[in-house]
Structure formats: C-alpha cells, structure tokens
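# Residue-level structural notes
For reference, the chains in residue letters:
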Amino acid sequence: MDMTDARPTPAPSNASDADDRRADQGRARRRPVELAVVVPTYNERDNIQPLYELLCAALGDVQWEMVVVDDDSPDGTAALIRDMSQKNANVRVLQRLGRRGLSTAVIEGMLATSAQYLAVIDADMQHDETKLAEMLRILRSGEVDIAVGSRFVDGGGVGDWAADRVQMSRIATRVAKLVLKSDLSDPMSGFFMIRRDAFEEAMRNLSGEGYKILLDIFASSKTPLRFREVPYRFRNRVHGESKVDTLVLWEYLALIVDKLFGKYVPARLILFSMIGASGVVVHFAAFSLSFFAASLSFLAAQTIATFVAMTTNYTINNILTYRDKRRKGASFVTGLLAFYLICGIGVVGNVGVSNALYNRDVKWWLATIAGIAIGVIWNYSASSIFIWDKKR
Ligand code: GDD
Ligand code: MN
C-alpha cells in the first residue's frame, strides 16, 4: 500500500527548520480512509484471515480499513489480529477488557475510525462481503444515509435455517416495528453501511443493549434515516460457533423496552417489575403446594411461599436483569440474604405508605397501588445499589 508521499525537503537553515523536518519524517502520510469495516469478534480466530482476504478481493482499490473489536476472546483473536496489523496497515484491533456486547463493540469500533463510511460485518463470513462495493456506491451517490443488507427482499435469503429460527426471526421483526420509524424488511440484520454523519446524529441516543445495533440506530436517529436495501443470502458458519444463546431474546426485549420507555423510566426497573409480577404466580403455586397438597398451616404455607417467590425473583434477576453483574458461588448466597432483607424493608414501606394514605381517605385501591410502587422502587433501587453494584 502507498503509505508515504515523496515530498521535497528544503535544506535546514536553522535549528527550528531541522525540528520541523524531524517532525515530518515521523509522520507517515497516507491517503485518507474512505471506508471502515467494523468487525465485532468473540472467539473468531479461524475466521479473521479468510475474512480479510475476502474483503481485500471485494473492495479492490477502495481506501478501506478493517477495525476489529474483540472482547478479549479466550482463543486469542486479538493477538492474531495484532500480528496481521504488523503486515497489513489497514488492519487494526480494539481489544476491550472485562466487557461483552455486540452492539457496544460496533459502536466503539465506529468511534475509533475517521472513515466517512462505516460498515459492519460479522467475522464468521455469514454475511456476503461482495455486497459492500454496491453499498459503497449507493452511499457515495448521496441519495441515502444507510445501505442495509437484507435477507427478506427479492434476491436475499436465510440459507438453511431451521424452521423455528425463521419463525423467531419473523416474530422479532414484527416486534421491531414498535420502535422503528421506517419500513425495513430486515431490521435484525447485522450487515450494513452508514454515513458517518448519520451515525453521529444517532450515537448519543443509542441504547447499546444486546445484539441489534441496526435497529438501535434506526430507533435512535432524530430524523428518519433514508435507506436502501441490498439483498444478500445468509451463509452458513464454517469455523467457530454462534454466540447467540437464549439470553439474546431477553436482550432483545431489553432493547425494545428501553427504546419505548427508557426516556422516562430505566429499562432495568421495568424488567425488574415484570419479574416481580411473575413472582405472584410463583407465590400462588408454592402456597397451593404447601397448604393444599402438604396440608401445612396457613402461616407455614404463606411463609414458605414468600421465601420461594423471593428466591426465584432473585435468581431470575441475577440471570437476566443483571446478567452483566451476575453473582456466583458464595456471592450468590450473600446476595440472596441481602435480597431477603431488602424485600423485608420493602414490605414495611409498602404497608406503611398504603396504610397512611388509606387513613387520609385515599381510595383503597389507590393506596394499595402507591404501596406496591414504593415497595418495588425501593427493592429495585436498594438491590441495584447493594447487591448488583459492580461487575464480579
Ligand atoms: N466484540 C464482540 N462481543 N463480538 C461479539 C459478541 C460480543 O459479545 N458476541 C458476538 N460477537 C460477534 C461474533 O464473533 C460474530 O462476528 C458476530 O458478532 C455475530 O455473532 P454470531 O454469534 O455469529 O451471531 P449470529 O450469526 O447468530 O447472528 C448474526 O446474524 C444475524 C442476522 O443477520 C448477527 O449479526 C445478528 O446481529 C444478526 O441479526
Ligand atoms: Mn454468525
């Protein structure tokens, strides 16, 4: 690659000229990068080199760079890319420590480059990199802000996905319409190219939750994005394995909730309350088992049901709401004990507030709702401060 421009240097006439010249020599000059291809990775060691070759072939003489954002993959992906960077000036790695997340990886990769056009592609070659040149042509024309790889327009496809995954993808697409301001056929796509200024307009509103960065960008942009869809066929993964697990669904829900209500209430509080509400079902089930099936006294059954519900609530919140700060081993147990204590105080607050309101002639149901709200907000605030306060 052409890294330096030959340029005449005048003979130094005094000390300060010599300083300038030294500064110039240390400055590698290169043509500006027009396109950055951001590649999020987690354990993609075997895919990176082949992907790079494919990108080189697809992008020809475009001035482009590959920015890999790796979340400290145990398989040593980052070190491998650093080796590649020593040989190829247009390869860079951004290694993040103690963090996970596809969306935030993409956001930070975009912020780490100065290129005018920003593309995102998976490392596993499931996306069709030959479409990048077309996307670039579309963006250069200035007619749209973003070119989106789509599996669901004519000429696109999902390869051989299992029927249930196709079905799930359909449902997720329908839910996406709740927060989308545009009629995208494939809002779940992880393959697209956007103009830097369009990205910058959205970036401070991004939620960064989960996997769906494209959806996030569309939902976060102040003005509706002008887009064009480019059909592609989703390929099968050859090396490594998918990171999409059951938690992805939950993360997707978190993103939608945050986009819908995040301006008013923290998304975690909503998720926490939903899990709390599901605790009522658990409570009734545990109570029925103890009272009717095991014939325990009302007091014993009620006590058992309360503890079962608190324990399941704690466990589910630990897995889902605070998945990034999950407590394990001994810390799981101390957290559970603290949760009992916090819920106990929450009950006192709930009863105290609702009773005080009722005594001041507030309607019984309004007093009850106020009591529950105080209890939930207390439980949420106290447990996020005292139990799930930091990464472990
Ligand atoms: N940095 C980082 N951190 N990268 C991650 C993480 C993470 O926590 N999790 C996954 N990745 C990287 C993977 O290494 C891969 O390069 C890419 O993100 C996609 O992950 P896959 O595990 O291969 O996801 P998928 O194939 O099931 O789903 C993909 O395709 C869907 C359809 O287009 C993703 O791109 C989805 O976002 C997309 O909806
Ligand atoms: Mn994949």
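Refer to the structure presented above.
In short, a report on the structure.

Cut-offs used in this document
- Residues numbered from 1 in each chain as written.
- Chains lettered and ligands numbered in written order.
- Predicted model: local features only at pLDDT ≥ 70, side-chain atom pairs only at ≥ 80, totals over all residues.
- Heavy atoms only, no water.
- Donors = N, O, S within 2.8 Å, 3.2 Å for Na, K, Ca; no water.
- Buried < 20%, exposed > 50% of the residue type's maximum accessible area, 1.4 Å probe, protein only.
- Near = heavy atom within 4 Å.
- Polar contact = N/O pair within 3.5 Å; in protein donor to acceptor, adjacent residues only side chain to side chain.
- Areas by Shrake-Rupley, 256 points an atom, 1.4 Å probe, with all protein chains shown as cover.
- Helix = DSSP H or I, 4+ residues; strand = E, 2+ residues; numbered from the N terminus.
- Nonpolar A, V, L, I, M, F, W, Y, C, P; charged D, E, K, R; others polar.
- 1 Å grid on protein atoms, 1.4 Å probe; cavity = no way out; pocket = protein on both sides within 12 Å on 5 of 7 lines; lining within 4 Å.
- Points joined across faces, edges and corners; volume = space filled by probe spheres on them.
- Pairing = 2+ DSSP bridges.
- Axes fitted to C-alpha atoms, helices over the stretch in contact; angles between N-to-C directions.
- Contact = heavy atoms within 4.5 Å.

Take the coordination of the manganese ion (ligand 2) next. Each donor-metal-donor angle would ideally measure 109.5 degrees in four-coordinate tetrahedral geometry, or 90 or 180 degrees in six-coordinate octahedral geometry. Here the manganese ion (ligand 2) is held by the protein donor atoms Asp124 (OD) and Gln126 (OE1), which lie 1.9 Å from it. Among the residues examined, Gln126 registers a relative accessible area of 12% and is labelled buried.

Taken together, 28 residues surround ligand 1, and among them Glu44, Asp71, Asp124, Met188 and Lys243 come closest. Between ligand 1 and Asp71 there is a distance of 2.6 Å, counted from a nitrogen atom to a side-chain nitrogen or oxygen. Protein contact buries 98% of the 740 Å² of open area that ligand 1 shows by itself. For the shell around ligand 1, the secondary structure elements donating two or more residues are β1 (35-41) and α4 (102-111). For the shell around ligand 1, the per-class residue count stands at 11 nonpolar, 7 polar and 10 charged.

To continue, consider the layout of surface pockets. Looking at the second largest pocket, its volume works out to about 700 Å³. Around the second largest pocket, the lining comprises 23 residues; the ones closest to its centre are Gly276, Asn313, Cys343, Val347 and Asn379. Elements with a contribution of two residues or more to the lining of the second largest pocket: α10 (267-293), α11 (298-319), α12 (330-359) and α13 (364-386).

Moving on, we come to the sheet that holds strand β7 (residues 227-231). Sheets are built from strands paired through backbone hydrogen bonds, the pairs being either parallel or antiparallel. With mixed pairing, the 7 strands of this open sheet are ordered in space as β3-β2-β1-β4-β6-β5-β7. The open sheet is flanked by β3 (91-95) and β7, the only strands paired with a single partner. Here the average twist between neighbouring strands, direction ignored, is 20°. Across 3 bridges, the pairing between strand β5 (residues 146-150) and strand β6 (residues 192-195) is antiparallel. The residue bridging Ala147 from the neighbouring strand is Met193, located in β6. Sitting on the sheet, α4 touches β1, β2 (64-70), β3, β4 (117-120) and β6, and the angle it makes with β1 is about 150°.

With that out of the way, let us pick up unusual backbone geometry. Its identity is not glycine, yet Asn43 carries a phi of approximately 55°, on the positive side. Take Asn43: it is sitting in the loop between β1 and α2 (45-59). One non-glycine residue, Asp72, adopts positive backbone phi at about 55°. As for its position among the elements, Asp72 is in the loop between β2 and α3 (77-87). For Asp72, a relative accessible area of 37% corresponds to the partly exposed category.

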